[in-house]
Amino acid sequence: MIAFFRQLFLAVVGIGAGTVVAGGVYALITSAGLMARLIGKTHTAKYAKVYETCVALGGTFGNLWSLYHFRVPLGEWFLAVCGISFGIYVGVLVMSLAESLNVTAIFTRRIRISKGISWVILGMAFGKGLGAWLYYSMIGK
């Protein structure tokens, strides 16, 4: 009986803490105007509720998964699709944040680049991907 109450307590604390963290992340995304900027850049204003729902459900699912470590037996192809999707989301979020904070304009002025900034950004993204691939390929050995 004590084990049941212990699990119940852990569930309440875990879901509560996850909700607070997810709320903080969502507040950061919305207060910095990242979601609005992303919707504006992709011209998908009619799907704004879908964006918000996906962020909320992703936070909830991630919280439950990190707490209970349940299996999702959908195979390696699903893992690959999820990994690519997560990477795209993080990349878009980071670039949206950088654009909202005007980092790109400041960066180009500091290093005096007038042409080819898209190549610089593409090179940084390629380097990040290569670094992640090397890091994760060496962990398995």
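Look up a bit, the structure's there.
Caption draft 1: Structural context of the overall build of the protein. A tally of regular secondary structure across the protein gives six helices and zero strands. The secondary structure elements of the protein, listed N-terminal to C-terminal, are α-α-α-α-α-α. Relative to its length of 141 residues, the protein is extended, with a C-alpha radius of gyration of 19 Å against a globular reference of 14 Å. Taken along the three principal axes of its C-alpha coordinates, the protein extends 70 × 40 × 30 Å. Residue pairs in contact within the protein that sit at least 24 positions apart in sequence constitute 59% of those at least 6 positions apart. Approximately 11,400 Å² of the protein is accessible, and the part contributed by carbon and sulfur atoms is 74%.

Caption draft 2: Inspection of the layout of surface pockets at higher detail. In this structure, the largest pocket occupies an estimated 1,400 Å³ of space. Lining the largest pocket are 39 residues, and of these Gly58, Gly59, Phe61, Gly62 and Phe86 sit closest to its centre. Elements supplying a minimum of two residues to the lining of the largest pocket: helix H1 (2-31), helix H2 (34-42), helix H3 (48-68) and helix H4 (76-100). Here the element with the most residues in the lining of the largest pocket is H3; it accounts for 14 residues. In this structure, the second largest pocket spans a volume of roughly 560 Å³.

Caption draft 3: Layout of the state of the cysteines. A full pass over the atoms with the stated rule returns zero disulfides. There is no disulfide at Cys54, and the cysteine sulfur nearest it, in Cys82, is 12 Å away. The exposure class assigned to Cys82 is buried, which follows from its relative accessible area of 19%.

Caption draft 4: Representation of the nonpolar core in the model. The biggest cluster of nonpolar side chains holds five residues, and these are Ile29, Leu34, Met35, Ile39 and Val55. Tallying contributions element by element places H2 first for this core, with three residues. Among residues more than four places away in sequence, those in contact with Val55 are Tyr26, Met35 and Tyr89.

The rules behind each value
Residues numbered from 1 in each chain as written. Predicted model: local features only at pLDDT ≥ 70, side-chain atom pairs only at ≥ 80, totals over all residues. Heavy atoms only, no water. Helix = DSSP H or I, 4+ residues; strand = E, 2+ residues; numbered from the N terminus. Rg over C-alpha atoms; globule rule 2.2 N^0.38 Å. Contact = heavy atoms within 4.5 Å. Areas by Shrake-Rupley, 256 points an atom, 1.4 Å probe, with all protein chains shown as cover. 1 Å grid on protein atoms, 1.4 Å probe; cavity = no way out; pocket = protein on both sides within 12 Å on 5 of 7 lines; lining within 4 Å. Points joined across faces, edges and corners; volume = space filled by probe spheres on them. Disulfide = S-S within 2.5 Å. Buried < 20%, exposed > 50% of the residue type's maximum accessible area, 1.4 Å probe, protein only. Core = buried A, V, L, I, M, F, W, Y, C linked by side-chain atoms within 4.5 Å.

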